[in-house]
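Tertiary structure, described
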Amino acid sequence: MRAAGALLGLGVGLAFVWLDPEAALRPEAALAALQALGAALAVGLGAIGGGSALLQRLAPRLLDDGRGLLHAAVIGLMLHALLGLGLAGLGLFVPLGPSLPSLLLGLGWLSRPPVRAELNRNEALLIGLLGVFVAAGLLPALAPPVDTDELYYQLSLPRQIAETGLLPGGLLRPDGSRPLLLHLPFASAYALGGASAPRLLHLGLAALLLPALGAWGRALGRPAAGGLAALLLVGSYSVLAEGGLAATNLPAAAAVLCVLDAALRGEAIGLALAAGAALGLKYTTAGGVAGAFLVARMPLRQRIFAGVGALLLLTPWWARNALAGLHPLFPYAGWPPPQPGTEFTFVYLEKYGAGRAPLDLALAPLRAVMSAKVTSFRFLGKLSPAWVAAAPLALWGLLRIRGDAARIAIAGAIGLLAWVAGPHWIRHLLPIAPVIALALGLGVEGAPRPAAGRLALGLATLLGLGANLLPLLPALADRVGVVTGQEPQAAFLDRHLDPLPAVRFVNEHTRDDAVVAVFFDWSLFYIERPTLLGSVEDHIPSRDFLLRHGPGSLDALRALGATHVLVRRAGFLQKSYPFLTKAELDRAFRDPEAQLGERLLLEGELLFERHGVAVWKISP
Amino acid sequence: MIPWLAAALGLGAPGLALPLYAHDEPCADPRFPAVAGGWLFSCDAQGRVAQALRLDDGHAVALPVAVEQPAVGPGCIYVPGVNGGLWRLGDGAPEAVGAVALVVEPLAAPPVTDCAHIALLTDTAVQAFAVGDRVRRSVEARPAGWYPPALAWPWVAWIEAPRPGERVLMAYNVESGERRTGPGVQGARHVIGRDGLFAWADDAQLWLWEPMSQAARATPAEAGFSAPLSLDRGVICYEERQAGHLDLRCTDGLAVQGPGHQRAPQRSGDRLLYREDDRLMLYTAPR
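Everything numeric in this text was worked out from a predicted model, so none of it was measured.

Further remarks concern the overall build of chain B. Tallying secondary structure elements over chain B gives 1 helix and 28 strands in all. Along the first, second and third principal axes, the C-alpha atoms of chain B reach 50 × 45 × 35 Å. Summarising the internal contacts of chain B: among those between residues at least 6 apart in sequence, 41% fall at separations of at least 24. Put simply, chain B shows about 11,700 Å² of open surface, and 53% of that area lies on carbon and sulfur atoms.

With that settled, the discussion passes to the overall build of chain A. Regarding its fold elements, chain A presents 29 helices and 5 strands. What you see for chain A is a C-alpha radius of gyration of 24 Å, in line with the 25 Å of a compact globule of 620 residues. A separation threshold of at least 6 residues defines the contact pool for chain A, and within that pool the share at least 24 residues apart is 73%. Working note: accessible area of chain A is about 24,500 Å², and carbon and sulfur atoms make up 66% of it. Computed over 49 positive and 41 negative side-chain charges, the separation of the two mean positions in chain A equals 9 Å.

Looking now at the nonpolar core. Judged by nonpolar contacts, the single largest core of 212 residues is most densely connected at F133, W387, F519, L557 and L566 of chain A. The biggest single contributor to this core is helix α14 (residues 249–264) of chain A, with 13 residues. Among residues more than four places away in sequence, those in contact with F519 of chain A are L533, S542, F545, L546, L557, V565, L566, V567, R568 and L596 of chain A. F32, W39, F41 and L89 of chain B belong to the second-largest nonpolar core, a separate cluster that totals 17 residues.

Residues and elements named next belong to chain B. The 4 strands are arranged β10-β11-β12-β13 in an open sheet whose pairing can be described as antiparallel. The open sheet terminates on both sides in strands that have one partner only, identified here as β10 (112–113) and β13 (137–140). When β10 meets strand β11 (residues 117–121), the two strands line up antiparallel, connected through 2 bridges. Paired with T113 across the bridge in β11 is I118.

Time to look at helix α16 (residues 286–295) of chain A. All names here are of chain A. For α16, the tally of buried residues reaches 7 of 10 residues, placing the bulk of the element in the interior. The complete set of buried residues in α16 reads G287, G288, V289, G291, A292, F293 and V295. The inward-facing, buried residues of α16 contact α14, α15 (268–281), α17 (300–323) and α20 (404–421).

Here we come to the packing of aromatic side chains. Tallied over the entire structure, the rule returns 24 aromatic pairs over all chains. Here the aromatic rings of F330 of chain A and W335 of chain A are separated by 5.2 Å at their centres, their planes lie at 25°, and the arrangement is stacked. Here the aromatic residues Y348, F519, F520, F545, F572, Y577, F579 and F589 of chain A are joined through ring pairs into a cluster of three or more. Positioned above the aromatic ring of W146 of chain B, the side-chain terminus of R31 of chain B is 4.0 Å from the ring centre.

A word on the interface of chain A and chain B. At the junction of the two partners, chain A supplies 19 residues and chain B supplies 22 residues. The contact between chain A and chain B buries some 1,800 Å² in all, and 49% of this surface belongs to carbon and sulfur atoms. Contact with chain B buries surface across chain A, with L601, L602 and E605 of chain A losing the most and accounting together for 31% of the total. Linking chain A with chain B are 3 salt bridges, by the criterion used here.

Residues and elements named next belong to chain A. Following the sequence through the fold, P145 ends up in the loop between α6 (124–142) and α7 (148–154). As a C-alpha pair, P145 and A195 span 50 residues in sequence and 7.4 Å in three-dimensional space. Among residues more than four places away in sequence, those in contact with P145 are E150, L151, L155, A195, R199, L493, F525 and Y526.

This part takes up the state of the cysteines. Residues and elements named next belong to chain B. Applying the stated criterion across every chain yields a total of 3 disulfides over all chains. The disulfide that involves C76 links it to C115, with 2.1 Å between the sulfurs. With the S-S bond torsion at -95°, the cross-link from C76 to C115 turns out left-handed. Of this pair, C76 sits in strand β7 (residues 76–79) while C115 sits in the loop between β10 and β11; the two residues are 39 residues apart in sequence, bridging distant segments of the chain. Considered together, C76 and C115 belong to a single accessibility category, that of buried residues. Here C237 connects covalently by a disulfide to C250, the sulfurs 2.1 Å from one another. As the torsion about the S-S bond is roughly 105°, the C237-C250 disulfide counts as right-handed. Here C250 lies in strand β24 (residues 245–250) and C237 lies in strand β23 (residues 235–242), a separation of 13 residues in the sequence. With a relative accessible area of 4%, C250 lands in the buried category. Taken in N- to C-terminal order, the disulfide-linked cysteines of chain B are connected 1-2, 3-4, 5-6.

Residues and elements named next belong to chain B. Read across the sheet, 4 strands follow the order β1-β28-β27-β26 without closing on themselves; strand pairing throughout is antiparallel. With partners counted over all chains shown, the strands left at the sheet margins are β1 (17–19) and β26 (262–268), one partner each. The sheet shows a mean angle of 25° between the axes of neighbouring strands, direction not considered. Across 5 bridges, β26 lies against strand β27 (residues 271–276) in antiparallel orientation.

Attention now goes to the pattern of salt bridges. Counted under the stated rule, the structure contains 47 salt bridges over all chains. Residues R558 of chain A and D555 of chain A are paired through a salt bridge, measuring 2.8 Å at the closest nitrogen-oxygen approach. Of this pair, R558 of chain A and D555 of chain A both sit in helix α28 (residues 553–559), separated by 3 residues, roughly a single helical turn. The partly exposed category is assigned to R558 of chain A, whose relative accessible area is 23%. Of the residues examined, D555 of chain A reaches a relative accessible area of 48% and is grouped as partly exposed. We note a salt bridge from R233 of chain B to D232 of chain B, for which the minimum N-O separation is 3.5 Å. Given the relative accessible area of 11%, D232 of chain B is considered buried. Residues participating in the shared-partner salt-bridge network are D65, R67, D261 and R265 of chain A.

Cut-offs applied
Think of each chain on its own: its residues are numbered from 1, step by step along the sequence as written. Chains carry letters and ligands carry numbers; both start at the beginning, A for chains and 1 for ligands, and go up in the order they are written. In keeping with the predicted nature of the model, local features appear solely for residues at pLDDT of at least 70, side-chain atom pairs appear and are counted solely at 80 or more, and the whole-chain, interface and lining totals rest on all residues. No hydrogens and no water enter the side-chain calculation; it runs on all heavy atoms of the structure. Strands here are runs of E lasting at least two residues and helices are runs of H or I lasting at least four, both read from the DSSP assignment and numbered beginning at the N terminus. By definition, residues are in contact when any of their heavy atoms lie within 4.5 Å. Method for areas: the Shrake-Rupley scheme with a 1.4 Å probe, in which residue coverage is limited to the protein chains shown. We compute the radius of gyration over the C-alpha atoms and compare it with the globule rule, which gives 2.2 Å times the number of residues raised to the power 0.38. The charge count includes Lys and Arg as positive and Asp and Glu as negative, but it does not include His or the ends of the chains. Charged side chains are reduced to one point each, which is NZ for Lys, CZ for Arg, CG for Asp and CD for Glu. Residues belong to a common nonpolar core when they are buried Ala, Val, Leu, Ile, Met, Phe, Trp, Tyr or Cys residues joined through side-chain atoms within 4.5 Å. Relative accessibility decides the category of a residue: with a 1.4 Å probe and only protein chains considered, values under 20% of the type maximum give buried, values over 50% give exposed, and everything between is partly exposed. If DSSP finds at least two bridges between two strands, the strands pair. Aromatic contacts are taken between Phe, Tyr and Trp rings whose centres are within 6.5 Å, Trp giving its six-membered ring; a plane angle under 30 degrees counts as stacked, one over 60 as edge-to-face, and the others as tilted. Ring-over charges, as used throughout, are those where CZ of Arg or NZ of Lys falls within 6 Å of the ring centre and within 35 degrees of the ring normal. Computed with a 1.4 Å rolling probe, the buried area is the accessible surface lost when two parts are put together, summed over both parts. We define a salt bridge as a side-chain nitrogen of Lys or Arg found within 4 Å of a carboxyl oxygen belonging to Asp or Glu. Disulfides are defined as pairs of cysteine sulfur atoms found within 2.5 Å of each other. The convention used is that axes are lines fitted to C-alpha atoms, helices contributing only their stretch in contact, and that angles between N-to-C directions extend from 0 to 180 degrees.

Right, here's the structure in full:
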């Protein structure tokens, strides 16, 4: 009967969209969204089927409650990536990569694993927050991508893999040398459903975090703790804004939560699998993973066994780098200096946050909440003030209660310390954020008067909504037109992407066999020609190439097959690098850019320039 | 204006090059700031062409519409679109010229005007029309993109791309409908028209062509690789690629060279606007 009702509703709804004389939601936009949703579901459900079947055999207790779905999804996506890596290694990704991994993993459903979605109807707060999170993510997920990281990395890599079947990497595409744990499933989703499919897959996986937190709270006898943790997350701009993007931070957060859950339930195999997934998603989860291993309820021998297992799961990625002549941990280690005897700084830690003096480091978590900015490197994001409001009462509660809550808090604290030691971006805090949120929720509920803590947390959330929602709402409203099909995609992109005229010129006016080297720009996703390089923020690949090849840079590009150069005027400002002397800034940043400009002037032919983005022909 | 006062207020002095700091705001389209008929058109902080300066007497005018890619002519500016039109510049505020055909389709390159006619490129056609004429003459084309068309009425010329990556010069007589291919074979770029002549560069030479008689003159030069040519009273000015640097040269012998690169020449009588590294400069030829 339910199926009949669903069919009736779907049928009438689709007929309404199709026949609407005002075409508020254009049918082609609705069909594109449905196709993307179908692709995301195919990859996501396939992964859950495979992951849950494996866990059913190796760590069945992890599937006992609502947390099981998150475990299954994380492990399943890792299996999907390993299958994709094998197919790419055999040169078979293009015909088989989009569907075969999902089909194989989907066979796991035949074993009828006991995985289920679990939302307690009494948890209105959690259900409401889940709705808000998904609603806030849907519009960005369905709009054409304009996010810098998506264009450069998170979507351009999957697109490149889906179209060529090749796994990029090395100095020309260093991000491709990371473990591609999410990007291979993204590539499958992209091939099946376009750019929105990987983002819907990401949104679905990130959304699973919230019911998992609820289930964990219930499992520890404090059912409201999960809702409070979810409120901390969803009340924060940095979490909400990331839901509808293709990104790795929230999937890494899901994996870290699974690591800690497996550790506290004494499931060594589950711990190994989840830790392998977490580290494969982001090496920067190491702090949270180490914290989980420290508080794990298992003997040291089992922890060592789990650690070795996790590292074994990473070896295919390390072997891939080693076979390509790179350091296994490239690009994080083994980056060869561009010139003998010089150092090349990979990350300028001083650039982020509010200082690196001991007092600054001690205050970094507080400042990340109270004085972060969405649009500057002062933490580059925004968190709800409820994180701070909850802390004192939660600490009181955590000191009173025993058991897993204290261990969760210790793991969260270790993850937080690791973040303090690294770059102070809020998005780097996200992988450990659900663990900290859960610890705070449990602490508030464990305090003598939980109502006081809930009130503090609720009021602070309410007062923080302005700062956390205002940057988001205009962006959401801006996407309504293009998502419903009322605004053409080209017009939307014209409004958002300065380099688009140059990219369009490349797509329309260069030969099909042109190869475009991209310097100081990140629009790779929209370039419909093979590309080399591309870079964001500190523009490491671009600068490294220019420092490495010096005046012979154009010859080196020609030797690599490049026929054109797309270059953005980067104009590195001293105020962005106040910790560098002028000489250091010139040597590492301005000189390479100027040198490229000089060589292009003397050897290239300018074909197009607008908004400081130029296209040069460099073929002889 | 009193002639001696105007001369005193005018920019530059014979034999000197001076930087024009007040007009040095970077433009979204690097072909601006531009000189046309003694007027310098420069940009606002948003990179839109927003102001004009008469070089002879320093008279400054705020343009009625600021856009990134207008057509500038000798004492006029044309802006396509519903808010656009053609304005003549003079001693007072810019004066709108009525009855200019409305252009709303997306353009493949900036339009051009000689103040009496307008030419523009879409992705599939070249269009030209006289100011005051509501009928646009159109001919099918595959413009190379980015390069504006050129006007030497009744001829309009453009860089055609028969296939991506290929470029030849094409010209069309708006009145007779005749269509001609320019001399030279491949690699044509940066066509500009004035006084019945077209000039452009290809990979080895500069061309000056009179389309009516088909008389053509080629000058060997490595030019036009990064900036358009300039054509003024039959004199072509261009960037010349020397070993290790760029200098400016004009076919009447005027040259600007020195440390750094001299780029993007725009000639107007005895004045030459150009860029030296990132600075906008105005050079006045010695008398």
